[in-house]
Amino acid sequence: MSEHSQSFIAKSADKAADREHRRKINFNIGKYNAVVPKGKEQFINVNLAREKAKNLKWKAIENLDKMLESFEAKITKRGAKVIWAEDAKQALEEIGKICAEKNCKTLVKSKSMVTEEIHLNKFLEGQGIESIETDLGEYIQQLDGEPPYHIVTPAMHKSKEDVAKLFAEKLGTDPKLTPEQLTLVARDVLRKKYAEAEVGITGANFIIADIGGIAITENEGNARLSCSMPKTHIVVAGIEKVIPSMNDLALFWPLLATYGTGQKITVYSTIVTGPRQEKETDGPDEMYVILLDNGRTNILANEKSRESLYCIRCGACLNACPVYKNIGGHSYEATYSGPIGSVITPHLNGMKEWKHLSYASSLCGNCTEVCAVKINLHELLLENRHEAVDEGDSSFAERTGWKLWKQAMLKRSLMNMGNRTIKNWVVNTLLKGWKEHRSEMEFPKKSFNQMWKEKYGNR
Ligand code: SF4
């Protein structure tokens with residue numbers, strides 16, 4: 001068992017027994033569940049919208065090379081610089097070089113899971129650069145020294161009392177502040193940082209191929225400030241974020257808002273197509289776009305798992321997953337948690353070390369049911385298990401157990417050889433692990449085959 005797997009099991013067992021954690025998660029997911037149906041009302045046929053979005057992502061991913069080249073050609077013409085990074089190390093080196101060139105001491109950052117994936121804040125800290133998270137949820141997590149708990153709502157596991165206590169400890173505020181007052185405190189701290197920062201970093205919700213732009217969707221205006229106030233704007237985006245055309249945003253923006261937070265559209269929707277142009281008054285002097293692979297082409301090369309690159313990171317599958325709701329986001333110890341995290345992490349970080357996540361599912365299919373772009377998540381989890389076994393990542397006991405089971409299942413006479421006591425022993429004692437989380441299996445006195453024979457003879 002890998003180290004990650006052992007740690008995952010230990011953390012999951014702890015969280016699953018934590019009633020307070022469950023109360024907070026149920027409360028916050030309950031609020032989400034209440035508003036999503038309202039967001040869906042804006043679509044005449046929400047299923048058709050999801051289907052169309054899936055088809056558009058299919059088109060984008062099947063033509064990824066051409067789409068990215070079109071993006072690069074268009075945005076470069078307007079003065080942005082595009083950098084292709086094969087892995088996290090290359091992306092960090094490039095960011096380090098830009099920051100050194102700009103003599104950057106303070107950097108503002110908007111919410112971006114891909115910068116979590118490359119551990120950007122830790123890297124910047126090592127370079128002596130102060131990196132400030134400007135999304136409120138991310139800022140709370142940064143103050144607490146924790147990674148995001150959820151891909152859309154990073155501090156979902158904290159109550160308002162938890163946040164007030166944290167602000168009191170870290171910023172010396174009154175522990176009884178209301179959520180509105182806490183927001184004003186954060187706003188006060190962050191506003192000063194935008195003016196100080198030499199560099200602003202954002203992610204991209206979508207990379208728009210036809211016009212050469214990036215689309216950012218948010219509710220606080222912090223991403224817009226991060227990309228327009230500092231003199232240098234760096235975008236870090238996974239290559240799969242591409243969509244064919246700006247016109248497609250008419251579908252993707254409302255879809256992401258509805259499945260992400262139950263909104264019809266988020267408060268701020270921004271398209272950036274380059275640095276400040278001549279005669280423009282706002283915007284950065286320079287813009288860099290780092291297109292990150294970091295294992296995504298492994299997924300692209302895999303015909304079955306390729307579909308997982310359609311993900312628009314709405315977080316709906318996390319909110320619907322019975323496993324996620326019980327064990328929480330941090331137990332996964334991966335940047336991307338929940339069903340989509342369990343599908344892509346083994347491909348991004350290595351099947352041997354991370355295959356256990358694909359087993360952390362009841363295969364109930366709820367994730368597939370709610371996915372904004374209709375990714376067959378539960379089938380991809382099964383596919384990962386299949387690949388892990390094909391690659392030889394299964395124990396001797398498991399392989400032997402299934403071999404025997406297959407032989408027995410294919411031959412009635414073999415199945416009839418063992419009586420009830422033997423069958424009970426095989427399942428409850430020989431197949432170690434069966435009883436760990438289940439009650440003992442009790443075979444009936446007579447098998448179905450015996451009962452059939454008694455009733456109908458050998459027909
Ligand atoms: S897999 Fe689907 S439901 Fe899950 S985050 Fe991605 S788009 Fe949303």
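Residues numbered from 1 in each chain as written. Predicted model: local features only at pLDDT ≥ 70, side-chain atom pairs only at ≥ 80, totals over all residues. Heavy atoms only, no water.

Topic: the pattern of salt bridges
In this structure the tally under the stated criterion is 28 salt bridges. The salt bridge partner of Lys11 is Glu333, with a shortest N-O separation of 2.7 Å. Within this pair, whereas Lys11 is found in helix α1 (residues 3–16), its partner Glu333 is found in the loop between α15 (322–327) and α16 (338–349), the two being separated by 322 residues in sequence. One salt bridge in this structure joins Arg276 and Asp285, with 2.5 Å as the shortest N-O distance. Three or more residues are tied together by salt bridges with common partners; here these are Glu20, Arg23, Lys24 and Asp162. (Salt bridge = Lys/Arg side-chain N within 4 Å of Asp/Glu carboxyl O. Helix = DSSP H or I, 4+ residues; strand = E, 2+ residues; numbered from the N terminus.)

Quick notes on the site of the ligand
Close to the ligand lie 14 residues; Cys311, Cys314, Gly315, Cys317 and Cys371 are nearest. A per-class count over the shell around the ligand returns twelve nonpolar, one polar and one charged. (Near = heavy atom within 4 Å. Nonpolar A, V, L, I, M, F, W, Y, C, P; charged D, E, K, R; others polar.)

Describing the environment of Ala34
Structurally, Ala34 is set in helix α2 (residues 19–40). Residue class for Ala34 comes out partly exposed when judged on its relative accessible area of 48%. (Buried < 20%, exposed > 50% of the residue type's maximum accessible area, 1.4 Å probe, protein only.)

Overview of the sheet that holds strand β1 (residues 81–85)
With parallel pairing, six strands are arranged side by side in an open sheet as β1-β10-β7-β4-β2-β3. In this open sheet, the two edge strands, each paired with only one partner strand, are β1 and β3 (130–133). The average angle at which neighbouring strand axes cross in this sheet is 20°, direction not considered. Docked against the sheet, helix α5 (residues 88–101) engages β1, β2 (106–109), β4 (199–202), β7 (232–238) and β10 (286–292), running at close to 170° with respect to β10. (Pairing = 2+ DSSP bridges. Axes fitted to C-alpha atoms, helices over the stretch in contact; angles between N-to-C directions. Contact = heavy atoms within 4.5 Å.)

Points about helix α10 (residues 179–196)
For α10, with 18 residues, the first-to-last C-alpha span of 26 Å sits near the 26 Å given by 1.5 Å per residue. Buried within α10 we find Leu182, Ala186, Leu190, Lys193 and Tyr194. Down the axis of α10, the smallest arc covering the buried residues is 100°, so these residues share one side. Those residues of α10 that are exposed and aimed more than 90 degrees away from the buried face are Glu180, Leu184 and Ala195. Buried residues belonging to α10 abut β2, β3, α8 (136–144), α9 (160–171) and α11 (222–228). (Expected span 1.5 Å × (residues − 1). Arc of directions from axis to C-beta.)

A few points about unusual backbone geometry
Even without a glycine there, the phi angle at Arg313 is positive, about 55°. For Arg313, the location among the structural elements is in the loop between α13 (296–301) and α14 (316–320). Judged by relative accessible area, which is 15%, Arg313 ranks as buried. The phi dihedral of Lys374 is positive, around 55°, even though this residue is not glycine. Looking at where Lys374 falls in the secondary structure, it is placed in the loop between α19 (366–370) and α20 (377–390). Under the relative-accessibility criterion, Lys374 is labelled partly exposed at 23%.

Describing the packing of aromatic side chains
By the definition in use, this model includes seven aromatic pairs. The interplanar angle of 50° and the centroid separation of 4.6 Å between the aromatic rings of Trp452 and Tyr456 together place this pair among those described as tilted. Residue Trp452 and its partner Tyr456 are both found in helix α24 (residues 448–456); the two are separated by four residues, about one turn of the helix. Members of the aromatic cluster, each reached through a chain of ring pairs, are Phe8, Tyr149, Tyr324 and Tyr332. (Phe/Tyr/Trp six-rings, centres within 6.5 Å; stacked < 30°, edge-to-face > 60°.)

Observations regarding the sheet that holds strand β6 (residues 213–218)
The four strands are arranged β8-β5-β6-β9 in an open sheet whose pairing can be described as mixed. Lying at the two open borders of the sheet, with one neighbouring strand each, are β8 (242–243) and β9 (268–272).

Limitation: the analysis is restricted to geometry and does not speak to function.
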